[in-house]
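# Residue-level structure breakdown
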Amino acid sequence: MAQETAVPKLNFEYWLDKAIEWDQATTLESQKDVCLHLPQLQEFLHQIYETLKHMDSVVAIQQFPLIGQLLGRLCWNPFVIGYAVSSFYTACCNLILFFYCPSVDLSQSLLCHLLSSSKWESNEAETSTFISTLGYTSADYYCHLVKNMVFSLVTELRGNQFNGLNIQGRVSASRVNAVSLFCLPLVTLPDLIPLLETLLLYHGGASKEILSSEFLEAVNEAFLKKKISLPESAIFSLWLRHLPSLEKATLYLLDQLVSIQLNSLEEVACIIKDSLLPQAASHPAIFRIVNEIFKNALLETDGTPEVITIIQVFTQLFLQAHQNENKQHKFPLKAYFPYHHQPLVTALLRRPFELPTTHWSQHLKHISDMLRGLVEDTNISSLADIFEIWFLVARFGEWLDIAAEQLLKAAVEPDALLWLLAFYYCPQNENQQRTQTMVEAQAVYNHLMMLFSCTVLSVKDLEAAVHSVTDIEQCCNQHLITHLLTNFLLFSSGGHMIAQEFIYHIIETTDTSKEVCSLLIRTAYRINHNDEENQRTVKVLNELLKKLTLKV
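Residues numbered from 1 in each chain as written. Predicted model: local features only at pLDDT ≥ 70, side-chain atom pairs only at ≥ 80, totals over all residues. Heavy atoms only, no water.

For the chain, an unreviewed UniProt entry supplies the name FANCC protein and the organism Oceanites oceanicus.

Below you can see the structure in the form of structure tokens.
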């Protein structure tokens, strides 16, 4: 049996007879014969690979009908696949059949067999013995096998060379699609990461998507559930080429944040940043899609404070990511807000820390004046137009919180800042709603300013200042007054003393518990904790958040 024999090229019958004769190489004689024929088998498999890679799948099966049976037997022979070079060609042939003719029964099961160490380790003592004679542990052996297969495919897709095998020219779209299908059951395998990355970054110039949608969905699902870790560029490419994956990632993030108890914006920011969506949004196409999803979520939840806060934190993280972008690849900010009044966009995009605190009031007045000019323009009358302007302002809510704070802490002309808050809480002016809101907010503000310097206050003092609050039916007014009251309690020395008691009073007499919690969390995130003037406020905030979370 171990006599050397001349073998005709591409003689499938000869090699099939040999594979049947060898079986799984369990006898010493068959093992010797396998070793004797390995160089010829290597050349034969090389020829198969070179022949089939240029051949149509139907023609290949018609011309070589025995290939499936042959490769099936060879893949189960540990001495064949244990030989480094021949195992590469066995894998190549198997993959080609799988790629071009997925209906061939052997393909997927054999691939899983080739990549699975546990079956061989537990059922094939001879295999373990063979592997050990090569100087490998079983884990190392199969790890190298997977890495070699992945490396060969990555090299082919990148148009390089592998072990002297020239792989020239553009890879066909059907081939790339088949590679992506092959990866489906293996996407969470760590050694497959280079291939996943190469596929996601591969662009063959086709007019339509060449990767299978099932593959893109599987990779996205594995990433969202943290089963794999891919480079940012690969994830961004995934979302750019597959809109459903981007939508799912955005909704997954919203569900994740809404379903947890938000105790700090640091926690929110960490979760959002970990999603990679703010970084991916540096591409305008991704930003606009995420923006639309956020907008719809806001409408569906009727503007719930948690969703607004999430959008605001996302916007801050997006601006940070955009600022860190390489200047050569950075898109102008106009690309993200192409249909808005650009001077207003520019003003809102300025981060508060970029300006001296003494300039905040003037900057807010500038924003308010531009905004007022826009919404009172007779050409902007539809609800859709007003909502778009409101949503732009809402996502930069940090400036709104500063406006409410500046009204109490700084020497300002209050009209512009009150109007800005009135617009946010009452964007429509139907039946003069916003006008009436301004009148009531002005009255409450004036009364609060008279109390601001008092060091000793009672709950009744504040009740007198806002005695009409509980009679107001318009939700927008109620929320604006609550915003002013909460800031008064945080930033006035007398307010510190009654903050806990009065905030409980607000929550029990109005439907603003979530808004108050969100405002407190945002303030705790925003103010400078190292500033001596804020030390007392920080202490009050921490006490309120700790107790209010339990009460609410």
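Tracing the backbone shows Gln316 in helix H19 (residues 305–324). If we ignore the near neighbours within four places in the chain, the residues touching Gln316 are Arg351, Glu398 and Tyr525. (Helix = DSSP H or I, 4+ residues; strand = E, 2+ residues; numbered from the N terminus. Contact = heavy atoms within 4.5 Å.)

Moving on, we get to the packing of aromatic side chains. Applying the stated criterion across every chain, the model contains 16 aromatic pairs. Seen in terms of ring centroids, Trp419 and Phe423 are 5.7 Å apart; in terms of plane orientation they differ by 5 degrees. Their pairing is stacked. Placement of the pair is Trp419 and Phe423 together in helix H24 (residues 414–425), with a separation of 4 residues, close to one helical turn. Ring pairing ties together the aromatic residues Phe287, Phe318, Tyr336, Phe337 and Phe396, which thus form one cluster. (Phe/Tyr/Trp six-rings, centres within 6.5 Å; stacked < 30°, edge-to-face > 60°.)

Even without being a glycine, Leu276 presents a positive backbone phi close to 70 degrees. Positionally, Leu276 belongs in the loop between helix H16 (265–274) and helix H17 (277–280). In this model, Asp302 sits at a positive phi of 60 degrees, which is unusual for a non-glycine residue. Among the secondary structure elements, Asp302 is positioned in the loop between helix H18 (284–300) and H19.

This part is about helix H1 (residues 12–22). Listed in full, the buried residues belonging to H1 are Phe12, Tyr14, Trp15, Leu16, Lys18, Ala19 and Trp22. Count one or two residues on from H1 and you reach Asp23, which has phi positive near 50 degrees. (Buried < 20%, exposed > 50% of the residue type's maximum accessible area, 1.4 Å probe, protein only.)

This next bit is on the packing of helix H12 (residues 193–201) against helix H13 (residues 213–224). Running from N to C, H12 and H13 cross one another at 125 degrees; their axes reach a closest spacing of 12 Å. One finds that H12 runs oblique with respect to H13. The chirality of how H12 crosses H13 is left-handed. Every residue of H13 that contacts H12 at Leu196, Leu199 and Leu200 is listed here: Phe215, Leu216 and Val219. Partitioning the contact of H12 with H13 into residue classes produces 6 nonpolar, no polar and no charged. (Axes fitted to C-alpha atoms, helices over the stretch in contact; angles between N-to-C directions. Parallel < 35°, antiparallel > 145°, perpendicular 65-115°, else oblique. Left-handed = near helix turned anticlockwise from the far one by under 90°. Nonpolar A, V, L, I, M, F, W, Y, C, P; charged D, E, K, R; others polar.)

Attention now goes to the environment of Val171. Relative to the helices and strands, Val171 is located in the loop between strand E2 (165–166) and helix H11 (173–183). On the basis of relative accessibility, which here comes to 11%, the residue Val171 falls in the buried class. Measuring from C-alpha to C-alpha, the distance between Val171 and Gly159 comes to 8.1 Å, with 12 residues separating the pair along the chain. With residues near it in sequence (within four places) discarded, Val171 still touches Glu156, Leu157, Val176 and Tyr202.

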